[in-house]
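Overview (structure and organization)
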Amino acid sequence: MKKCDWNICRSAAVVAVLALSFAVRGGELLDCGKAKPENVILHTPEKRGQSVRIESLEQRDALRIDWDCARSGYFEFQLKPGVKLPEFRTAQIRVRAFIPEGGKSRNFNLRITDREGETFQFTRPLAAEDRGWREFAYQIDAGKPKAGSWGKRANRRIDFPAKLTGFASDFNSREGKGYLGIGAVEIEVLHSGLPLQPQLETGSPLQILTPERKEAPGISLVNPRKEKAEGELFYRVADAFGAELENATRKITLAPGGKLLFPLMKPKKFGVYYVDVRFRENDPQLKTFEKQYRYCYMRPAGPTPGMAKGFLFGVCSHPQGLSDRDLELEARAAALCGVKIMRTDIYWERIQPAPGRWLFGSFDRVVEAFGAQNIEVQAIYCYLPKWAVAKEWKPLAPNYKGKPRPDYGHWRRFIRAFAEHYRGRLRYVEVWNEPDHIGFANFPVSEYIEMMKIAYAETKKAAPEMSVLTGGYTGMPGSSPKMREKDHMTRTLTEGKGSYDVLAFHGHGSMSSYRNQVDRLVKMRRDLGIEAPWYANETAISAILIGEMKQAETLFQKFLYSWANGAIGYNWYDLRNDGFDPNANEHNFGLITRDFQPKAAYAVYNALSGTYREAEFLRAVRFGGNIEAFLFKASDGRLLLAVWNNDPGCDGTPLCLSGISGRAEEIDLFGNVASLPVRGGQLVFKAGRSPVTIRLEADAAELKGAGEFLKSGLVFSVTPGRESEVMPEFCNPTARPLELELNWRPPAGVTLSAVGQKLKLKPGECRKLPLKLTAAPEFRSPDSRPAEMKLELVLGGLWHGELCYPVRTVVWLETEMPRTPVFVLREAAQVIPFAPNVPEKEHLFWKGPADLSAEIRLAHDRQALLFEAVVTDDIHHQPGFGAEVWRGDNIQMALQLPGQKGMWELGFTRLDDGKSEAFVWLAPSGFSADKAAGAVRLETSRDEKKKQTVYRAAIPFEAIGLKETAKKRGFRLNLIVNDNDGEMRESCIGVAPGIAENKDPERYPIIKFR
């Protein structure tokens, strides 16, 4: 990275510190004389005869508001996106305003909107002497504001965070015209009501630490008060894997205006580091300050000059409504980690708020801000102003709120104007977002195809060089209940052929789900003869419930799997978290947090960019088993092998790679490089669940995956009180005889027939070693955190390391329904909350077993899987049917059967009219979801006195392809019980993770039949 680039970040850091000092001591919030008129939203200005502009009034720039008293009795406007206020108990806001002689204003009112959407209007009457430039002061008590207020969740107090959102004025006459001007707005915090707030110091507003920075990171504490502060400071630093690096507790006495800085250890390895800080003051009236900061130690992969070359490294974001500072920080954050493409909505309603009125300013500033960092903008033609809705539009789903279809004429003119305006500045445009999703496009595929044809024709007329993408498809047909037309994608690709250059595809969710969808997509393109390339232009997974490290691993896997399967680019969704709620899905997709702190995924994206930028995909490398490995050629000529292990029964396995002519290195997810020993042209390394890159000096044609030393698929499943047998199979994929040494270490409660073993294998030989396990009667291995079997393995002089295998407790099913439940769901650890974690939603939080719990029993009758659930639920509520039943009270069951490609997801529901309904959301390839649902026999009942709902179902083996081999070998089963008391899907309680948060069958219990 250039030195001047980093200086930009340093200057921005100074701005951030100044903003912080203003937030505490007071200072200018904004200068309306420098505001952009497009960020000032008047209420129905044409109807009211009102307008805004910047003008010099008595030699001072002001935001001038003009009005016609005869057409309205007041004006009001909203600042977009609003100006964030510092948190306070009491404060004074001072506004400089120009009141002309005969200005027609009766008062001048300031508006604040808080966290809950409650808006407060503070009124200042105007006196006769209030003429010319005047300063108006508003005394504000956040706990007891003397103001009018409105909002759905109004509680008559200002709940922070809060923003200054606008001004208003009532007129003193209904005749003539008037105006006023607004200048600078300042705040003085009289009493913050807050403790001192320690800050993380890295020298960057993005909390990025580079190897070039000599200073260590640190914790700073500033006392802006007029009296000394005393208290206790605690801080703890941990890496992305949870390993603690340091902690300290310090007694603090800080004089007025004083500052302390506590240096932290300089990191030795690239990655994300979490700094937990707590400061408790001696004053008992002050709250304890607690916050988790993070910083990323990395060598920035960007910014790089020019447009993107080769595979497109992209992200998605929503930057149009951001302040200038936040827009610049987003663009900078994207550039530093190597992003070259930023996908975003156009928002037609912003650009053309009325017929004939064009406002490109908000999108221009996005193109300019990201362009300054050499990042291209990928624009989505969407959505639409109300005036542009087609008069003949009929919703595909009348009872569902979804985006309407535009009038074709208005659509045509909008596309042409946009393409003309941005010719030469944009390379990619996309026709709508997720047109197969009823929430984004509540109109049929036939109308979408017409929209796409119009968009393609008008774009090419205005800007022939632009590439036109189909709307990004939600997923493959049947992968989401919001996809109402199963033939939407196939019809678009075939009937719309010639009206798109690139197929855009999404496929959010886990890697296992994405792999299945991409495989189907590749096959569909081949079967339909589609030559247009495809682009994974919005796909990710939220960190909620799976954690930030798993999110980061998924980024690496989905990115390179897309590339290896023919995609021309990959956009992660999204650049920045949409909010701060740890329980809200949309608030946890970002590479960085809402307040611009790096997540693990940010460090991984940076390492991907630095390692793979301008690389060339060569081929998949076959090792066998559950290993996925993809070979690339880097821009410097070295080979890059991306590799990971999908075996759910092991944390990794040693592999042999042959044909290496020079050095070999392992690059971890964060970009740390370690040398690997090469012996006789062969490399032995461990491929784990966490992906790595092996960088090699070799001839790609000579490089081969020799194979595994331990066959995949080894599962340690035990029955308490009984003996089980597993049969690990060891192989020698090398060209020489190999001696292996094994040392097994079982978990407490499990004994082995042999702990230490040795064997010699000839080149190419494989041998099975029977191993008997006996589990104590009381042994249990929870599916959420299973016990582990460890193997210390020595492969001659080639490799020495440890492998870990989860030990699963088998669930055996009998031919009679058991009296004792197979699964009991009544613990807080089994609950997944969906209600926002805010005080006004507290009534939706899980209160205990009486709120929601269940007893689950399973059996079989040799022809069907039998299921019974007794659910305790204080209120039974099911407003929907079909694909939407997961929103109400119902049960979702997931199954993964051996030999099937994909998984089953079934729903069992008691509808509000008392009828029972079985539904199938997901079915493996080759199976009909509708046919399977029709074969399920389901009965339900409800006892209001006991507050219990009973579900009994029989699932025919034939309907789901459950064969004899699966009954003996075992299959995976999981379920959740959803809860909706009438307001929303507030929570669910489940057997194991892997349904609600993402589809992950590897975490499900193992079921076998007797």
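Cut-offs and rules
- Residues numbered from 1 in each chain as written.
- Predicted model: local features only at pLDDT ≥ 70, side-chain atom pairs only at ≥ 80, totals over all residues.
- Heavy atoms only, no water.
- UniProt positions renumbered as here; feature names shortened; annotations may be inferred.
- Helix = DSSP H or I, 4+ residues; strand = E, 2+ residues; numbered from the N terminus.
- Domains from an automatic or database assignment.
- Pairing = 2+ DSSP bridges.
- Axes fitted to C-alpha atoms, helices over the stretch in contact; angles between N-to-C directions.
- Parallel < 35°, antiparallel > 145°, perpendicular 65-115°, else oblique.
- Left-handed = near helix turned anticlockwise from the far one by under 90°.
- Contact = heavy atoms within 4.5 Å.
- Phe/Tyr/Trp six-rings, centres within 6.5 Å; stacked < 30°, edge-to-face > 60°.
- Buried < 20%, exposed > 50% of the residue type's maximum accessible area, 1.4 Å probe, protein only.
- Lys NZ or Arg CZ within 6 Å of the ring centre and 35° of its normal.
- Nonpolar A, V, L, I, M, F, W, Y, C, P; charged D, E, K, R; others polar.
- Salt bridge = Lys/Arg side-chain N within 4 Å of Asp/Glu carboxyl O.
- Core = buried A, V, L, I, M, F, W, Y, C linked by side-chain atoms within 4.5 Å.
- Expected span 1.5 Å × (residues − 1).
- Patch = residues over 30% accessible without salt bridge, like charges linked within 9 Å, V, L, I, M, F, W, Y side chains within 5 Å.
- Areas by Shrake-Rupley, 256 points an atom, 1.4 Å probe, with all protein chains shown as cover.
- Lys, Arg positive; Asp, Glu negative; His and termini not counted.
- Charge placed at Lys NZ, Arg CZ, Asp CG, Glu CD.
- Disulfide = S-S within 2.5 Å.
- Right-handed = clockwise from strand over helix to strand, strands pointing away.

Points about the UniProt feature "domain: Carbohydrate-binding" (unreviewed entry) in the protein
The sites that carry the UniProt feature "domain: Carbohydrate-binding" (unreviewed entry) are, in the present numbering, residues 847-992. Counted over residues 847-992, helix gives 12% and strand 49%. Its end C-alpha atoms are 20 Å apart.

Here's the deal with the domain arrangement of the protein
Domains assigned within the protein are domain 1 (27-192), domain 2 (199-297), domain 3 (376-586), domain 4 (616-708), domain 5 (716-806) and domain 6 (814-1009). Computed from C-alpha coordinates alone, the two centres of domain 2 and domain 4 are separated by 39 Å.

Details of the sheet that holds strand β40 (residues 723-726)
Strand order in this open sheet of three strands is β40-β46-β43, and the pairing throughout is antiparallel. Only two strands of the sheet have a single partner each, and these edge strands are β40 and β43 (750-752). Each neighbouring strand pair of the sheet contributes to a mean axis angle of 30°, computed without reference to strand direction. Pairing between β43 and strand β46 (residues 771-775): three bridges, direction antiparallel. Within β46, the position partnered with Val750 by the bridge is Ala775.

Remarks on the packing of helix α8 (residues 488-495) against helix α9 (residues 511-528)
Interhelical geometry of α8 versus α9 gives an angle of 40° and a closest axis separation of 11 Å. The angle between α8 and α9 falls in the class oblique. The hand of the α8/α9 crossing is right-handed. On the side of α8, the interface is formed by Met489, Thr490, Leu493 and Thr494, while α9 contributes Leu521, Met524 and Leu528.

Here's the deal with the packing of aromatic side chains
Under the definition given, this model contains 59 aromatic pairs. Summarising the aromatic geometry, the rings of Phe363 and Tyr422 are spaced 5.5 Å apart at their centres and angled 75° between planes, so their arrangement reads as edge-to-face. You can see Phe363 sitting in helix α5 (residues 361-371) and its partner Tyr422 sitting in the loop between α6 (408-421) and β24 (428-431), a full 59 residues away along the chain. The two residues Phe363 and Tyr422 agree in class, both being buried. Judged by centre distance (5.2 Å) and plane angle (65°), the ring pair of Phe617 and Phe632 falls under edge-to-face. With Phe617 in strand β29 (residues 616-620) and Phe632 in strand β30 (residues 627-633), this pair connects stretches of sequence that are 15 residues apart. Taking relative accessible area as the criterion, Phe617 reaches 23% and is therefore assigned partly exposed. The ring of Tyr514 has Lys558 sitting right over it, with the charged end atom 4.6 Å from the ring centre.

Notes on the packing of α9 against helix α10 (residues 548-564)
Two quantities define a packed helix pair, namely the angle between the helix axes and the distance between the axes. Axis separation between α9 and α10 bottoms out at 10 Å; the angle between their running directions is 10°. For the element pair α9 / α10, the angle class is roughly parallel. Here α9 contributes Met511, Tyr514, Arg515, Val518 and Asp519 to the contact with α10, which in turn contributes Thr554, Gln557, Lys558, Tyr561 and Ser562. Residue composition of the contact of α9 with α10, grouped by class: four nonpolar, three polar and three charged.

Observations concerning the pattern of salt bridges
Going through the model one piece at a time under the given rule, you end up with 61 salt bridges. Measuring nitrogen to oxygen at the nearest pair gives 3.3 Å for the salt bridge that ties Glu392 to Arg405. Remark: Arg405 occurs in the loop between β23 (376-381) and α6 and Glu392 occurs in the loop between β23 and α6; sequence separation between them is 13 residues. For Glu392, a relative accessible area of 45% puts it in the partly exposed group. The buried category is assigned to Arg405, whose relative accessible area is 2%.

Overview of the nonpolar core
Grouped together as the largest cluster of nonpolar side chains are 139 residues, with contacts concentrated most on Tyr381, Trp411 and Phe418. The leading source of residues in this core is α10, at nine residues. In this structure Phe418 touches Ile346, Ile351, Phe360, Phe363, Ala379, Tyr381, Leu426 and Val429, once residues within four positions along its chain are discounted.

Describing α10
For α10, built from 17 residues, the straight-helix expectation of 24 Å at 1.5 Å per residue is met to within 8% by its first-to-last C-alpha distance of 24 Å. Most of α10 is tucked away: 16 of the 17 residues are buried. Of the residues trailing α10, Gly566 is marked for its positive phi of about 95°.

Structural notes on the pairing of strand β17 (residues 244-254)
Relative to β17, strand β16 (residues 229-239) runs antiparallel, the two being bridged by 10 bridges. Pairing of Glu232 across the sheet is with Lys251, part of β17. Linking β16 to β17, which pair antiparallel, is a turn of four residues; within it Gly242 sits at a positive phi near 95°.

Digging into a positive patch on the surface
On the surface, Lys80, Lys84, Lys163 and Arg350 cluster together to form a positively charged patch. Within the secondary structure, Lys84 is located in strand β5 (residues 74-84).

Overview of the state of the cysteines
Here is the idea: a disulfide is a covalent bond, and it sits between the sulfur atoms of two cysteines. Tallied over the full model, the rule gives one disulfide. Disulfide pairing places Cys731 opposite Cys766 at an S-S distance of 2.1 Å. On the sign convention where negative means left-handed, the S-S torsion of about 115° between Cys731 and Cys766 marks this disulfide as right-handed. Residue Cys731 is located in strand β41 (residues 729-731), and its partner Cys766 is located in strand β45 (residues 766-768); the two are separated by 35 residues in the primary sequence. Residue Cys731 is classed as buried on the basis of its relative accessible area, which comes to 5%. Residue class for Cys766 comes out partly exposed when judged on its relative accessible area of 36%. Take Cys337: it sits in no disulfide, and the sulfur closest to it among the cysteines is that of Cys296, at 9.2 Å.

Section: the pairing of strand β28 (residues 567-572)
Most of β28 sits out of view: five of its six residues are buried. Bridge count for strand β21 (residues 312-316) against β28 is four bridges, and the pairing is parallel. Bridge pairing links Val315 to Trp572 in β28. Looking at chain direction, strand β27 (residues 534-536) and β28 are connected through two bridges and run parallel. Bridged to Ala536 within β28 is Tyr570. In this view, the connection linking β27 to its parallel neighbour β28 by way of α10 has right-handed handedness.

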